[in-house]
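Next come the chains, spelled out residue by residue.
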Amino acid sequence: MDQGNKIGIKTGEELVLLREAGKRLSAIVKELKCSLKTGISTQEIDALAEILIKEYDVVPAFKGYRGFPSCVCVSINDEVVHGIPSKRKLENGDIVSLDVGIIYKGYYSDMAVTAGIGNIDPEFQRLIDVTKESLYRGIEQAKENNHLSDVSHAIQSYVEGNNYSVVREFVGHGIGKQLHEDPEIPNFGEPNNGPVLKSGMVLAIEPMVNIGDWRTKILNDGWTVVTKDGKPSAHFEHSIVVTKEKPEILTR
Ligand code: MG
């Protein structure tokens, strides 16, 4: 990994486009989240995502990415990430993560949220709350002159302090003209390691948190990542800009 200062630093013009990309994506995700209810199929969610993506005049980033068939990843309960929309219907008590990526004038934005359907087990709600808070704990550390692993460490220590585990096999990433740019951002690690963060770096930070063990496996469809122990998992993601003080959340 490049330890230099220049990786991923965006110009002012690029940040203007990335801000607009983030704004449009967060509006899309907000509307999609409102559509979640018992009985809706994950394919219907994807169809709505496609309509919203057109409405907001952006391009889906995931559809066709390494052959992924859909605009949105919908991952239910023990599915961690990369769930492929299907005829499966949401049921009362499910927790569902929506992960959406879009491109606006050549610039990418990436965001994920997890929500409960109907009446969910209090433990599942706690998982959602801890995962969301861990994202904000990580974002808080994404400031100039901190090390990248300060972000990772903040996420891991908060999650493990709440007796949950962080997924190791999938990580956050830089983002800009590509969906996945350097650096990789693990959700675990010792503080004070890796590249030094500089103003203008744009990062997609995305903790994936399991109630049980951190280990995962990939289903036969080649995409869907599930927990090995079958226990639920949650996922939150924001695209952010490192600044001298408080990080700027693009997908707020
Ligand atoms: Mg991502």
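Keep in mind that what you see is a predicted model, and the values were worked out from it rather than measured.

## Some thoughts on the coordination of the magnesium ion
Right, so step 1: Around the magnesium ion, the donor atoms from the protein are Asp 110 (OD), His 173 (NE2), Glu 206 (OE) and Glu 237 (OE), and they sit 2.1 to 2.3 Å away.
Right, so step 2: Counting the intervening residues between successive donors of the magnesium ion yields the motif D-x62-H-x32-E-x30-E. A residue pair is termed long-range when its members are at least 10 positions apart, and Asp 110 in strand S5 (residues 107-116) and Glu 237 in the loop between strand S13 (233-235) and strand S14 (238-241) qualify at 127 residues.
Right, so step 3: Glu 237 gets classed as buried once you look at its relative accessible area, which sits at 0%.

## Structural notes on the sheet that holds strand S10 (residues 208-210)
Right, so step 1: What the 3 strands build is an open sheet, ordered S6-S10-S13; its pairing is antiparallel. The outermost strands of the open sheet, each flanked by one partner alone, are strand S6 (165-166) and S13.
Right, so step 2: Summarising the sheet, S10 and S13 pair through 3 bridges and their orientation is antiparallel. By the bridge assignment for S13, Met 208 is matched with His 235.
Right, so step 3: The strands that helix H3 (residues 122-140) touches are S10 and S13; relative to S13, the one it contacts most, it runs at about 35°.

## A word on the environment of Gly 161
Right, so step 1: When you line up the elements, Gly 161 lands in helix H4 (residues 148-161).
Right, so step 2: The class of Gly 161 is exposed, set by a relative accessible area of 60%.
Right, so step 3: It is 40 Å that separates the C-alpha atoms of Gly 161 and Gly 106, two residues lying 55 residues apart in sequence.

## Quick word on the confidence of the model for the protein chain
Right, so step 1: Confidence in the prediction of the protein chain, expressed as mean pLDDT, is 96, and 97% of residues score 70 or more.
Right, so step 2: In this model residues 1-5 is a low-confidence stretch, pLDDT under 50, and it forms 9 contacts with partners more than four residues away in sequence or in other chains.

## Some details on the sheet that holds strand S12 (residues 225-227)
Either a parallel or an antiparallel arrangement is found when strands of a sheet pair, and the pairing is made through backbone hydrogen bonds.
Right, so step 1: Spatial strand order, S3-S12-S11: 3 strands in an open sheet with antiparallel pairing. Since the sheet does not close on itself, it has two edges, and those belong to strand S3 (79-81) and strand S11 (216-218), each with one partner. Looking at each pair of strands side by side, their axes are set apart by 40° on average, direction ignored.
Right, so step 2: Note that S11 and S12 share 3 bridges and pair antiparallel. Within the sheet, the bridge partner assigned to Lys 217 lies in S12 and is Val 226.

## Looking at the state of the cysteines
Right, so step 1: Taken as a whole and judged by the stated rule, the model has 0 disulfides.
Right, so step 2: For the unlinked cysteine Cys 71, the closest cysteine sulfur is that of Cys 73, found at 10 Å.
Right, so step 3: What makes Cys 71 buried here is its relative accessible area of 0%.
Right, so step 4: Its relative accessible area of 4% is what places Cys 73 among the buried residues.

## What about the pairing of strand S2 (residues 72-76)?
Right, so step 1: Most of S2 sits inside the fold, with 5 of its 5 residues counted as buried.
Right, so step 2: Side chains Val 72, Val 74 and Ile 76 of S2 all project onto a buried face; the interleaved residues Cys 73 and Ser 75 project onto the opposite face, where all are buried too.
Right, so step 3: The pairing of S2 with strand S4 (residues 95-104) spans 5 bridges and is antiparallel. Following the sheet pairing, Ser 75 is matched in S4 by Ser 97.

About the cut-offs
Residues numbered from 1 in each chain as written. Predicted model: local features only at pLDDT ≥ 70, side-chain atom pairs only at ≥ 80, totals over all residues. Heavy atoms only, no water. Donors = N, O, S within 2.8 Å, 3.2 Å for Na, K, Ca; no water. Helix = DSSP H or I, 4+ residues; strand = E, 2+ residues; numbered from the N terminus. Buried < 20%, exposed > 50% of the residue type's maximum accessible area, 1.4 Å probe, protein only. Pairing = 2+ DSSP bridges. Contact = heavy atoms within 4.5 Å. Axes fitted to C-alpha atoms, helices over the stretch in contact; angles between N-to-C directions. pLDDT = per-residue confidence, 0-100. Disulfide = S-S within 2.5 Å.

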